[in-house]
Amino acid sequence: MCGIAGVFEAEGAAGLIASILFAIQHRGQESCGAAAREAGGRIVGHKGMGLVKQVLDEEVQARLSGATAIGHVRYPTAGCSDVVNAQPHLIELAEGPIMAISSNGDLINYGEVRGRLEREGVVFKSDNDAELIGRLIAMYHVRGLDIEAAIARVQSELKGAFSTVLMYRDRLYAFRDPHGFRPMVMGHLTHEGEGEPPSEGIVFSSESCGFGIVGARLLREVLPGQILRLEKGQPLRSVWHAPLQPRHCVFELIYFSRPDSSHFGESVYQTRQRIGACMAAKDGALANGDDLVVMPVPDSSNFIALGYAKAKGAEFGMGLLRNHYVGRTFIKPTQASRDEGVKQKFNPLPDFFPGKRVVLIDDSIVRGTSLRKLVRMVRQAGAKEIHVRIGSPKVIGPCFYGIDTPTREELIANRMSEAEIRDYLGADSLSWLDVVDFEAILPGRRQGFCTACFDLDYIYPPEGFATKTNAPAARETQPVG
Ligand code: AMP
């Protein structure tokens, strides 16, 4: 997963980019970068390993002068962890460094397209999808297509997810893959009225939570399959729009995005509360009472637990404290380091648990690492019963569109039965959301969402991969207790 940002014609663009990226830092902590167009037209960039505050400090912001800039935060999903894979990528054309690109999402046909370009003599500096998108656009442009036709051609040739900002000469383009897998929104720094705003002062972000920090107002999403052009002195223009059936990533709403963002027309925190309420409605057999406390695994599950507690009329409690200075435990390379990471990350509130029946809510269970540790922790802290509730269906397939899900073999739901998972976690009972529940949680909009990691309904299934049509049918789950 990653995050992108763009600013067109605003004073201190690189500083604005750093602020937006800081607000979406949760989308990637491994590396980050920014590129800005200097007054003379040359694009300069800076990127490095680490967090936005460290890499894009005030000195770097001052050096990246210019009123138009783009930026990126990276969480590695494809490609190695190295600064060469950090973004933005500067693409040199014969006229000089006049193109830069940042993108969020993974491509399915990366290998095939890269092979084709390499046979044409194109040299790559990274193994990053964004560089491939930029070099493919540059190739079609050099061969005679104008830049917009080149972007449109690339948009139709590439399979997979890309929410992209591209600086070319004095223009900024923002475009999205035709299915709109990954989010991308547009805002304006000053425009308050109705109607189209001027191009100047337009900002882009992966998430709308990136706008408050720079005082921008959310205008709307960049639509799936759309190419927007911003040019100084010209109105904002949608120069191309070729959408396909939307496949918005449902996991953005469940886990990845910040609760104060809204995506694909849905508020993240409200969706999470609806998930919690839906789970509570199915959980009638678990009796309410003074000893029952509903507790999230912080922070991603806070609103799911709130929704659950509210619907059940039960007490909401924050019995687990989270240390925010621990990096991502999920992507640590070994099971031992992931286990250790969980211990460093969470601590139980003293004297909170004795005598309590705990409904412990997490947004997802992938390998089972976090919950196994947490259930033990809560038990040792004195809880008399622990009922684990998962705010998503069982994860049974990897994501090929940019979420870092491990191989099918590593996914606990593929390795164990429901009762075995409950015992492995050490819980008294366990249940998941069901794929069919999305009909109620996203009323009328279910068809627009990609749920492939839960139901194997891949729009671009890799060859030889089990999909919804050739895998055993998903069935509704009951709490195992
Ligand atoms: P696991 O511990 O392997 O079962 O992973 C589930 C936990 O990791 C949950 O607490 C999620 O909040 C979190 N999580 C799920 N998917 C991801 C992901 N792709 N990247 C990082 N964290 C994740």
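Residues numbered from 1 in each chain as written. Predicted model: local features only at pLDDT ≥ 70, side-chain atom pairs only at ≥ 80, totals over all residues. Heavy atoms only, no water.

1. Let's talk about the overall build of the protein chain
Short version of the rule: Helical segments are the DSSP runs of H or I of at least four residues, strand segments are the runs of E of at least two, and each set is numbered from the N terminus. Radius of gyration: over C-alpha atoms. The globule rule applied is 2.2 Å multiplied by the number of residues raised to the 0.38 power. Relative accessibility decides the category of a residue: with a 1.4 Å probe and only protein chains considered, values under 20% of the type maximum give buried, values over 50% give exposed, and everything between is partly exposed. It only takes one pair of heavy atoms within 4.5 Å for two residues to be counted as in contact. Here the Shrake-Rupley method, with its probe set to 1.4 Å, supplies the accessible areas, and only the displayed protein chains count as covering residues. The charge count treats Lys and Arg as positive and Asp and Glu as negative. His and the chain ends do not count. For the purpose of locating charges, the reference atoms are NZ of Lys, CZ of Arg, CG of Asp and CD of Glu.
Regarding its fold elements, the protein chain presents 15 helices and 24 strands. For 481 residues, the compact-globule estimate of 2.2 N^0.38 gives 23 Å, and the C-alpha radius of gyration of the protein chain, at 23 Å, lies within 12% of that figure. Viewed in the frame of its principal axes, the protein chain has a C-alpha envelope of about 70 × 45 × 45 Å. Counting all 481 residues of the protein chain, 58% fall into the buried class. Once local pairs closer than 6 in sequence are excluded, the contacts in the protein chain between residues at least 24 apart make up 69%. Approximately 18,800 Å² of the protein chain is accessible, and the part contributed by carbon and sulfur atoms is 52%. Here the protein chain contributes 54 positive and 57 negative side-chain charges, whose respective centroids are spaced 2 Å apart.

2. Considering the sheet that holds strand E18 (residues 315-316)
The line we're drawing: Two strands are counted as paired when DSSP detects at least two bridges linking them. The convention used is that axes are lines fitted to C-alpha atoms, helices contributing only their stretch in contact, and that angles between N-to-C directions extend from 0 to 180 degrees.
Within the open sheet, the 5 strands sit side by side as E18-E17-E21-E22-E23. Their pairing is parallel. Looking at the sheet topology across the chains shown, the edges are occupied by E18 and strand E23 (429-432). Strand direction decides the pairing type here: strand E17 (residues 292-296) and E18, joined by 2 bridges, are parallel. Residue pairing in the sheet places Val-294 in a bridge with Phe-316 of E18. Strands in contact with helix H11 (residues 369-380) are E17, strand E21 (357-362) and strand E22 (385-390); relative to E22, the strand with the most contacts, it is inclined by about 150 degrees.

3. Some thoughts on the packing of helix H4 (residues 110-119) against helix H5 (residues 129-142)
This is how the line gets drawn: An angle below 35 degrees is read as roughly parallel, one above 145 as roughly antiparallel, one from 65 to 115 as roughly perpendicular, and any other as oblique. By convention, the crossing between two helices is left-handed when the near helix turns anticlockwise from the far helix through less than a right angle, and right-handed when the turn is clockwise.
Packing of H4 against H5 leaves a shortest axis separation of 11 Å and a crossing angle of 45 degrees. Classified by the angle their axes make, H4 and H5 are oblique. The hand of the H4/H5 crossing is left-handed. Facing Tyr-110, Val-113, Arg-114, Arg-116 and Leu-117 of H4, the residues of H5 in contact are Asp-129, Leu-132, Arg-135, Leu-136, Met-139 and Tyr-140.

4. Here we look at the site of the ligand
Using the following cut-off: One heavy atom within 4 Å of a molecule or strand makes the whole residue count as near it. Polar contact is defined as a pair of N or O atoms within 3.5 Å, subject to the rule that within protein one atom must be able to donate a hydrogen and the other to accept it, and that residues adjacent in sequence are counted only when both atoms are side-chain atoms. We call Asp, Glu, Lys and Arg charged. Ala, Val, Leu, Ile, Met, Phe, Trp, Tyr, Cys and Pro are nonpolar, and the rest, Gly among them, are polar.
Taken together, 17 residues sit near the ligand, with Asp-363, Val-366, Arg-367, Gly-368 and Ser-370 positioned nearest. Measuring from an oxygen atom of the ligand, one finds a backbone N or O atom of Thr-369 at 3.4 Å. Side-chain polar atom of Ser-370 to an oxygen atom of the ligand: 2.5 Å apart, as the coordinates give it. Elements represented by at least two residues in the shell around the ligand include exactly helix H7 (250-256) and H11. Of the residues that constitute the shell around the ligand, the class distribution is 7 nonpolar, 5 polar and 5 charged.

5. Comments concerning the domain arrangement of the protein chain
Formally: Here the bounds of each domain stem from an automatic or database domain assignment. Values labelled buried area give the accessible surface lost by two parts on being combined, using a 1.4 Å probe and summing over both.
With domains assigned, the protein chain is organised as domain 1 (2-243) and domain 2 (272-443). Centre-to-centre separation of domain 1 and domain 2, based on C-alpha positions: 35 Å. Counting from both sides, the interface comprises 12 residues of domain 1 and, opposite them, 9 residues of domain 2. Summing the contributions of domain 1 and of domain 2, the shared interface buries around 850 Å²; its carbon and sulfur component is 57%. On inspection of domain 1 and its partner domain 2, the count reaches 2 residue pairs in polar contact (both at pLDDT 80 or more). Of the residues contributing to the side of domain 1 that touches domain 2, the split by class is 5 nonpolar, 5 polar and 2 charged.

6. Describing the pattern of salt bridges
Definition in use: For this analysis, a salt bridge means a side-chain nitrogen from Lys or Arg found within 4 Å of a carboxyl oxygen belonging to Asp or Glu.
This model, assessed by the stated rule, comprises 32 salt bridges. Residue Glu-266 pairs with Arg-274 through a salt bridge whose shortest N-O separation is 3.0 Å. We classify Glu-266 as buried; its relative accessible area is 10%. Accessibility expressed as a relative area gives 28% for Arg-274, which makes it partly exposed.

7. A look at the sheet that holds strand E3 (residues 43-49)
Across the sheet, which stays open at both edges, the 7 strands sit in the order E3-E2-E4-E1-E10-E9-E11 with antiparallel pairing between neighbours. Looking along the sheet, the strands with just one partner apiece sit at the ends: E3 and strand E11 (217-221). With direction set aside, neighbouring strand axes in the sheet form an average angle of 15 degrees. The pairing of strand E2 (residues 31-37) with E3 spans 7 bridges and is antiparallel. Across the sheet, Ala-36 pairs through a bridge with Val-44, a residue of E3. Sheet strands in contact with helix H1 (residues 13-23) are strand E1 (2-8), E2, strand E4 (69-74) and strand E10 (202-205), and its direction is about 150 degrees off that of E1.

8. Side note on helix H9 (residues 302-312)
Among the residues of H9, Asn-302, Ile-304, Ala-305, Gly-307, Tyr-308, Ala-309 and Lys-312 are the ones counted as buried. Looking at the buried residues of H9, the elements they touch are H7, helix H8 (268-281), E17, E18, E21 and E22. One or two residues past the end of H9 sits Gly-313, with phi positive at roughly 70 degrees.

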